[in-house]
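# Chains, contacts and geometry: an overview
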Amino acid sequence: MLSKSQARLFFAVATGGFSFVFLGLTVDTVMQVPERSHSENITEEVIHGKELWESNNCMGCHTLLGEGAYYAPELTKVVDRRGAEWMRIFLRDPQAMFPGQRKMVQYDFTEDEISALIAFFDWNGKIDTNGFPAEHDLAPPAPVVVAATSGADAMATAPAMVATVCMACHAVGGNGGNIGPAFEGVGNRYTEDELDRWLADPASVKPGTAMPNLGLADDVRGDLVEWLMTLD
Amino acid sequence: MKFRTQRISWLFFATCMLLLCLQIVYGFIMGFAHMGYDVLHDYIPFNTARATHTNVLVVWLLCGFMGAAYYIVPEESGRELWSPKLAVVQWASLLLVAVTAVIGFHFNWWEGRKFLEIPRPLDYLVVINVLSFVLNIGMTTFTGKRYTTTGMVLLVGLVSAALLYLPGMIWFDSQVMDSYFRWWVVHLWVEGVWELIMGAIMSYLLIKLTGVDREVIEKWLYIIVGLTFVSGILGTGHHYYWIGAPEYWLIVGGVFSALEPLAFLGMALYGVTMARRGGRKHPNKIAMYWTVGCGIMSFVGAGFLGFAHTLPSVNIYTHGTLVTAMHGHLAFWGAYAMIVLAIISYAMPQMTGRKFFDTWVPEWAFWISNIGMLSMTCAFAVAGVTQVYLERRVGMDFLEVQAAVAVHFTALVLAASLFTLGILLFIYDFIRYGFPSDEAVEGAAEPEAAAAK
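Residues numbered from 1 in each chain as written. Chains lettered and ligands numbered in written order. Predicted model: local features only at pLDDT ≥ 70, side-chain atom pairs only at ≥ 80, totals over all residues. Heavy atoms only, no water.

### Focus: the overall build of chain A
If you tally the helices and strands in chain A, you get twelve helices and four strands. Relative to the globule expectation of 17 Å for 232 residues, the C-alpha radius of gyration of chain A, 25 Å, shows a markedly less compact shape. Counting every position in chain A, which comprises 232 residues, the buried fraction comes to 45%. Restricting the contact set of chain A to residue pairs at least 6 apart, pairs at least 24 apart contribute 54%. If you sum the accessible surface of chain A, you get close to 12000 Å²; carbon and sulfur atoms cover 58% of it. Side chains of chain A carry 16 positive and 32 negative charges; the gap between the two charge centres is 11 Å. (Helix = DSSP H or I, 4+ residues; strand = E, 2+ residues; numbered from the N terminus. Rg over C-alpha atoms; globule rule 2.2 N^0.38 Å. Buried < 20%, exposed > 50% of the residue type's maximum accessible area, 1.4 Å probe, protein only. Contact = heavy atoms within 4.5 Å. Areas by Shrake-Rupley, 256 points an atom, 1.4 Å probe, with all protein chains shown as cover. Lys, Arg positive; Asp, Glu negative; His and termini not counted. Charge placed at Lys NZ, Arg CZ, Asp CG, Glu CD.)

The structure is reproduced here in structure tokens:
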């Protein structure tokens, strides 16, 4: 039967040996990470974003690379999923985007800070993560939209923010979100003035609405209304 | 209690009880927030509650380990503590740092890196604090009358834990490197050197409680902590699957973390076998419950539930979901909370000289808290697995899925209430024992102590 000194030897050899292997793999990892994560793209802005990420403990609710808390969405591929435009509006006033739902702290970030955060997420999204997050392998197949042609036409003339911001909640030609109503026919239902008033301050038209105040400049709002009026 | 200065551990144990209460309060705040009642959002947002919940856990477990060391090391080395004054100062400063950190969390003052949230200036204070603790314990050991394996394993565990805190303090511009070395602290603590501390405390308790020969118990201690390092060191790889580290970590991490349950199975068998072999019926059977329970629950929580989502093909879906919370709760409870409660249950009668072994209170505290924690684990499991399927596999929106699993947090809060009841009974028992007494010194003659004379 094993003696105490043999047991001690086992402990010492196992600990020493595996520590050595671990250190070797660490050296190799440190050498490979710059290429896998495109470390040449870590700009001052990305670093500032990381500082903001840490100094506000974003990991206390969100996960990044799957690490953090489980109260708010995974953010590794958030720039792919939402687009920079959407994130900018969201970060100005997080609760406006999801009224009545789970709350995020209003951090009152400056525009530069928001740019830094987006740059930080964008850099993270391009890391080679060995396939994380995984494809949705049980997702139902996307529905075939019959009337896609008119939607496709409509999209050709749409301002850029329609695809990046509006369609997170609204659909055009069967594509987009289902939180707000689809855009088809909106030009028949409302006048130009009504749409303008609505976009300027949704809550004043319909208190308690889920539609956020996007804080659009007058000319941006004008372009958007003009395009919406073409959807009949 | 053989030495007067062992009583210093009472300060640490009492701090454990206080911080455990605080941890539970913040746990409830998060449970209610998940149910949709985030009424405290403006004062205690979720990230504050979360940082408090986990950091207070780490501090009270460390407090428990320190208390255990101040109790065990004098006895194992056969002398009074090197400097009781330093120990008291160290206790007070640790408490001060912890309180400052928790208050800071409520004013957005932190370093938001999971489990290492305390702000950088306080990190330096923690380092000084832990160094003074290690100095005190080290001097006691090296100027002592004897070296024992249990004492040495405990010391090595504590010193390594102090050293491994340092990689977590390096700044990296890259999130990948930041994460890589953050796990040197977090993983190599909880699945490495903390297990040395746990194993040593368990070994001490088994020697005291079962009467099995010290040589036999300490031989198996070596085997178990050896197994811990065989699996645990390279098992760090399971944190490196998806953070941008090379692909070989999928294989290295997968294989070695699949071995991690073996070390915990070893702990469980260690406790159960020694308890059966022991000829002596120690009157403090509640300390025995916690000791053997710790071995078993650490296998279930850390070993089995860890294995359940450690393989890369599973982990790619479960990584960063409530499944992790399921494993985390039972693992920390089984492996570390229970060993601290075990040493407290053993030391309190020794320190105070009061022998309330046979009342219903500590026994119910044991069963109710364990049943409560197991139920909480089940609630997390149902919520977590549902989240994995709906969000990660079907691709539903995050908030829709959270609304769908909110009902399981009602179950969680109910289970947590049961758990809390158990903990309150434990604390009631702790208070009933009162303060350590000089009359208890050498009053409790252990058979082993008698044999040593």
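### Notes on the overall build of chain B
What chain B contains, in helices and strands, is 14 helices and zero strands. Order of helices (α) and strands (β) in chain B, N terminus to C terminus: α-α-α-α-α-α-α-α-α-α-α-α-α-α. Relative to its length of 453 residues, chain B is compact, with a C-alpha radius of gyration of 21 Å against a globular reference of 22 Å. Over its C-alpha atoms, taken along the principal directions, chain B stretches across nearly 70 × 45 × 45 Å. Partitioning the contacts of chain B with sequence separation of at least 6, the portion at a separation of at least 24 is 84%. Of note, chain B has its 26 positive side-chain charges centred 10 Å away from the centre of its 28 negative side-chain charges.

### A few points about the interface of chain B and chain A
When the parts of a complex come together, some accessible area is lost, and that lost area is often taken as the interface size. At the interface, 79 residues of chain B touch 73 residues of chain A. Contact with chain A buries area across many residues of chain B, yet Gln175, Tyr222 and Leu399 of chain B alone supply 11% of it, more than any other trio. Scanning the region where chain B abuts chain A turns up six salt bridges. A salt bridge links Asp178 of chain B to Lys50 of chain A; the nearest nitrogen and oxygen atoms lie 2.6 Å apart. Of the residues forming the side of chain B that touches chain A, the biggest block, 13 residues, is contributed by helix 7 (residues 214–235) of chain B. Grouping the amino acids of the side of chain B that touches chain A by side-chain chemistry returns 43 nonpolar, 19 polar and 17 charged. (Buried area = accessible area lost by both parts, 1.4 Å probe. Salt bridge = Lys/Arg side-chain N within 4 Å of Asp/Glu carboxyl O. Nonpolar A, V, L, I, M, F, W, Y, C, P; charged D, E, K, R; others polar.)

### Observations regarding the side chain of Ser257 of chain B
As for its position among the elements, Ser257 of chain B is in helix 8 (residues 248–277). A polar atom in the side chain of Ser257 of chain B sits 2.9 Å from the side chain of Thr310 of chain B. (Polar contact = N/O pair within 3.5 Å; in protein donor to acceptor, adjacent residues only side chain to side chain.)

### Considering the nonpolar core
With 221 residues, the main nonpolar core has Trp194 and Trp333 of chain B as its most contacted residues. Ignoring sequence-local partners within four residues, the contact set of Trp194 of chain B consists of Val58, Leu61, Leu62, Phe65, Ala161, Trp189, Phe332 and Tyr336 of chain B. In this structure, Ala69 of chain A together with Tyr26, Ile29 and Ile44 of chain B belong to the second largest nonpolar core, which totals eleven residues. (Core = buried A, V, L, I, M, F, W, Y, C linked by side-chain atoms within 4.5 Å.)

### Here we look at the environment of Leu23 of chain A
Residue and element names in this part refer to chain A. Here Leu23 lies in helix 1 (residues 4–36). Note on Leu23: relative accessible area 45%, which makes it partly exposed. Taking the C-alpha atoms as reference points, Leu23 and Glu51, 28 residues apart in sequence, are found 28 Å from one another.

### Comments concerning a negative patch on the surface
All names here are of chain A. On the surface, a cluster of negative charge is made up of Glu192, Asp193, Glu194, Asp219, Asp223 and Glu226. Broken down by secondary-structure element, the contributors of at least two residues to the negative patch are helix 10 (192–200) and helix 12 (218–229). With relative accessibility at 48%, the residue Glu192 sits in the partly exposed group. (Patch = residues over 30% accessible without salt bridge, like charges linked within 9 Å, V, L, I, M, F, W, Y side chains within 5 Å.)

Geometry only, nothing functional implied.
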